[in-house]
Amino acid sequence: MELHVVIDGNKDLTGQLYRQLKEAIRSGRLAPGEKLPPSRLLAEQLSLSRKTVAEAYARLTYDKLLVGRVGSGTFVGEGVQAKTPPGPGPGLAGPAVTEHWRSMKTPLRHPAPAGSSRYEYIGGAPASGLFPHADWRRCVLYALRQGTRSRGLYGDAEGLPALRDATARHVAFSRGVRCTMSDIIVTNGAQQALDLVARVLIEPGCTVAVEEPGYPPARQLLAAQGARVVGIPVDAEGLLVEQIPDGTRLIYVTPAHQFPLGMPMSVRRREALLARAQALGAIILEDDYDSEFRYEGRPTDSLQSMDSHGTVAFVGTFSKTLSPELRLGYLIAPPAILQAVSTAKHLSDWHTATPAQWALAKFIGDGDLLKHIRRCHAIYAERRERIMHRFGSELSAWFDLVPASAGIHMAALAKRPIDMDTLLKLARRVDVGLYTLEGFYHDCVPLQGLMLGYGAIDSADIDPSLDRLRDILTQMG
């Protein structure tokens, strides 16, 4: 790869090269420790004499910007400090739009490893130690072999046919969803699926309904598209359908495992929601984010499988079953918006990375996904039981668990007033990462409580960490 240097004319060649390399180092374009091309190679690339390049290198070495290492080459000095980049210039076009996006919150960002605690109860994170590395590696090698047979062209915006077919079979088997591969669009995680539906349905000022409390990134995304977002309260049966306002165009729900409280939406409430959406002419966005892990009770139908009028868009993800790092999800779109969403996908990023799609299609087709889910289910069930036991005994004086039959998190509601900020700070001091429910509320006073994710914490760490939580609560009185 050639170093970008532009030589103009035939005068002061050494000076031109010296000044350009100096500016590249001072601006940070050539970082400390970066290796420069050998003088002979750079001379050939720039059609200069080797002596000219050597003289420029010597001047920069004298200025302590370059360091020569015998037998290794010439490098940018480690102690060189780059200049501070200039700030934004005056009169930037579209400052209101830029400020709108700059001021948007980015909720639920997971902490960096350096900022996390030893005992982490963060929600939405599967157990990284359970990732099936050997099986996935085999599928990745298969994907790479498929790549050698490809035409070297862009793929379909809707996704790889093999993955769409495997996904259709998987959701029909595990969630009773009614679809074929032609109904499926492969996405970069569930968040892109939400974004695509919002792009084709929302206009500035239109009304969308979300659960309250609910999933903050969905609310933020819909608001960013210009929607008037209305929070609809939930109770023990789910969304209070009768409070959905007239004129609502899109309704976002998590019926299988309400986020963040955890209870499922009752069949009666589901039927009412479908009827309300049909009367409004609205699309229901059903986010089925972690329902593969069910621990008790009979499974309930998805809204999509109950829908007979084409009003439900079903969103799923492999982030909770495999890993968020894969960025693989899917949207099962109703006929009314399928082509529009496909076009939006094509225009926004063309298609999801093909090698990852080949690997996942192989992983599902070989039965590795179901095998992995069964393995995780047993471990998550053990963690869930342990948490339920502790909150049903020593911690019952402070918290009540909200009944949740699925997923990888539970909510615990405070029985008495607790200074939650102090609780979280004291817990961090003893290496316990706790998270409150407060950030999931927007339009009403939040309930005091904790969201307890048990995907990221080892089973053996639950008792020691909850012992510390109990001791803190006792000290707080």
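Model, not experiment: these values are computed from the prediction.

Draft legend 1. Representation of helix α3 (residues 50-62) in the model. Counted at 1.5 Å a residue, the expected span for α3 with its 13 residues is 18 Å, and the 18 Å between its end C-alpha atoms agrees. Listed in full, the buried residues belonging to α3 are Thr52, Val53, Ala56, Tyr57 and Leu60. Seen end-on, α3 carries its buried residues on one side only, within an arc spanning 130 degrees. Residues Lys51 and Tyr62 are exposed on α3 and point more than 90 degrees away from its buried face. Buried positions along α3 lie against α1 (13-26), β1 (35-36), α2 (39-46), β2 (66-69) and β3 (73-76). Where α3 terminates, the next one or two residues include Lys64, which has phi positive at roughly 65 degrees.

Draft legend 2. Seen up close, the nonpolar core. Counting 58 residues, the largest nonpolar core has Tyr121, Leu360, Tyr380, Phe391, Phe399, Leu423 and Leu434 as its most contacted members. Residues Leu194, Ala198, Cys206 and Val208 belong to the second largest nonpolar core, which totals 29 residues.

Draft legend 3. The arrangement of the sheet that holds strand β7 (residues 228-235) in detail. Read from one edge to the other, the open sheet built from 8 strands follows the order β5-β12-β11-β10-β9-β6-β7-β8, with strand pairing classed as mixed. Looking at strand neighbours, the two that pair on one side only are β5 (184-187) and β8 (238-239), the edges of this open sheet. Pairing of strand β11 (residues 312-317) with strand β12 (residues 329-332), which is carried by 4 bridges, proceeds in the antiparallel orientation. Bridge pairing in β12 places Thr317 opposite Gly329. Seen against the sheet, helix α7 (residues 189-201) touches β5, β9 (248-253), β10 (283-287), β11 and β12 and runs at an angle of roughly 155 degrees to β11.

Draft legend 4. Region of the structure containing the sheet that holds strand β14 (residues 409-414). One open sheet accounts for 3 strands, arranged β13-β14-β16; its pairing is antiparallel. Edge positions in the sheet fall to β13 (399-401) and β16 (449-453), since each of these pairs with one other strand and no more. Taken over all neighbouring pairs, the strand axes of this sheet differ in orientation by 25 degrees on average, direction set aside. The pairing of β13 with β14 spans 3 bridges and is classified as antiparallel. Within β14, the residue paired with Phe399 across the bridge is Ala414.

Draft legend 5. The arrangement of the state of the cysteines in detail. Counting across every chain of the model gives 0 disulfides. Summary of cysteine pairing: Cys376 is not part of a disulfide, and the nearest cysteine sulfur, belonging to Cys139, is at 15 Å. Cys376 sits in the buried class, given a relative accessible area of 2%.

Draft legend 6. Up close: the pattern of salt bridges. This structure, assessed with the given rule, holds 30 salt bridges. Note that Asp400 is salt-bridged to Lys415, the shortest N-O span being 3.7 Å. Taken together, the residues span a long stretch of sequence, with Asp400 in strand β13 and Lys415 in the loop between β14 and α14 (420-429) at a distance of 15 residues. The exposure class assigned to Asp400 is partly exposed, which follows from its relative accessible area of 43%.

Draft legend 7. How the structure looks around the packing of α7 against helix α8 (residues 216-224). α8 packs onto α7 with a crossing angle of 30 degrees between their chain directions and a minimal axis gap of 10 Å. The angle between the axes of α7 and α8 places the two elements in the roughly parallel class. By crossing handedness, the relation of α7 to α8 is classed as right-handed. Residue-level inspection shows Gln191, Leu194, Asp195 and Ala198 of α7 in contact with α8, the latter providing Pro217, Ala218, Leu221 and Leu222.

Draft legend 8. Spotlight on unusual backbone geometry. The residue after Glu212, namely Pro213, is reached through a cis peptide bond having omega 5 degrees. Position of Pro213 among the secondary structure elements: in the loop between β6 (207-212) and α8. Note that the residue after Phe259, namely Pro260, is joined by a cis bond; omega there is 10 degrees. Along the polypeptide, Pro260 turns up in the loop between β9 and α9 (267-280). Even without a glycine there, the phi angle at Lys64 is positive, about 65 degrees. Within the secondary structure, Lys64 is located in the loop between α3 and β2. The exposed category is assigned to Lys64, whose relative accessible area is 69%.

Draft legend 9. Quick peek at the pairing of β7. Strand direction decides the pairing type here: β6 and β7, joined by 6 bridges, are parallel. Looking at the pairing, Glu211 lines up with Ile232 of β7. Where the polypeptide runs from β6 across α8 and back to β7, its parallel neighbour, the crossover connection is right-handed. Where β7 meets β8, 2 bridges bridge the pair, whose relative direction is antiparallel. Among the inter-strand pairings, Asp235 is bridged to a residue of β8, identified as Gly238.

Draft legend 10. Region of interest: helix α12 (residues 354-365). In this model, α12 (12 residues) spans 16 Å end to end at C-alpha, consistent with the 16 Å of a helix rising 1.5 Å per residue. For α12, the set of buried residues is Gln357, Ala359, Leu360, Ala361, Phe363 and Ile364. In this fold, the buried residues of α12 make contact with α5 (133-148), α6 (161-175), β5 and α13 (368-391). Just beyond α12, the residue with positive phi is Gly367, at close to 85 degrees.

Draft legend 11. Here's a closer look at the packing of aromatic side chains. For the structure shown, the criterion picks out 10 aromatic pairs. Judged by centre distance (5.6 Å) and plane angle (85 degrees), the ring pair of Phe259 and Tyr289 falls under edge-to-face. Linking Phe259 in the loop between β9 and α9 with Tyr289 in the loop between β10 and α10 (303-306), this pair joins segments that are 30 residues apart in sequence. An angle of 50 degrees between the planes, with centres 5.5 Å apart, marks the rings of Phe318 and Tyr330 as tilted. Highlighted residues: Phe318 in the loop between β11 and β12 and Tyr330 in strand β12, separated in sequence by 12 residues. The burial state of Phe318 is the same as that of Tyr330; both residues are buried. Aromatic ring contacts, followed pair by pair, group Tyr215, Phe259, Tyr289 and Phe440 into a single cluster. The ring centre of Tyr18 lies 4.0 Å from the NZ or CZ of Arg59, which sits over that ring.

Cut-off values and rules
Residues numbered from 1 in each chain as written. Predicted model: local features only at pLDDT ≥ 70, side-chain atom pairs only at ≥ 80, totals over all residues. Heavy atoms only, no water. Helix = DSSP H or I, 4+ residues; strand = E, 2+ residues; numbered from the N terminus. Expected span 1.5 Å × (residues − 1). Buried < 20%, exposed > 50% of the residue type's maximum accessible area, 1.4 Å probe, protein only. Arc of directions from axis to C-beta. Contact = heavy atoms within 4.5 Å. Core = buried A, V, L, I, M, F, W, Y, C linked by side-chain atoms within 4.5 Å. Pairing = 2+ DSSP bridges. Axes fitted to C-alpha atoms, helices over the stretch in contact; angles between N-to-C directions. Disulfide = S-S within 2.5 Å. Salt bridge = Lys/Arg side-chain N within 4 Å of Asp/Glu carboxyl O. Parallel < 35°, antiparallel > 145°, perpendicular 65-115°, else oblique. Left-handed = near helix turned anticlockwise from the far one by under 90°. Right-handed = clockwise from strand over helix to strand, strands pointing away. Phe/Tyr/Trp six-rings, centres within 6.5 Å; stacked < 30°, edge-to-face > 60°. Lys NZ or Arg CZ within 6 Å of the ring centre and 35° of its normal.

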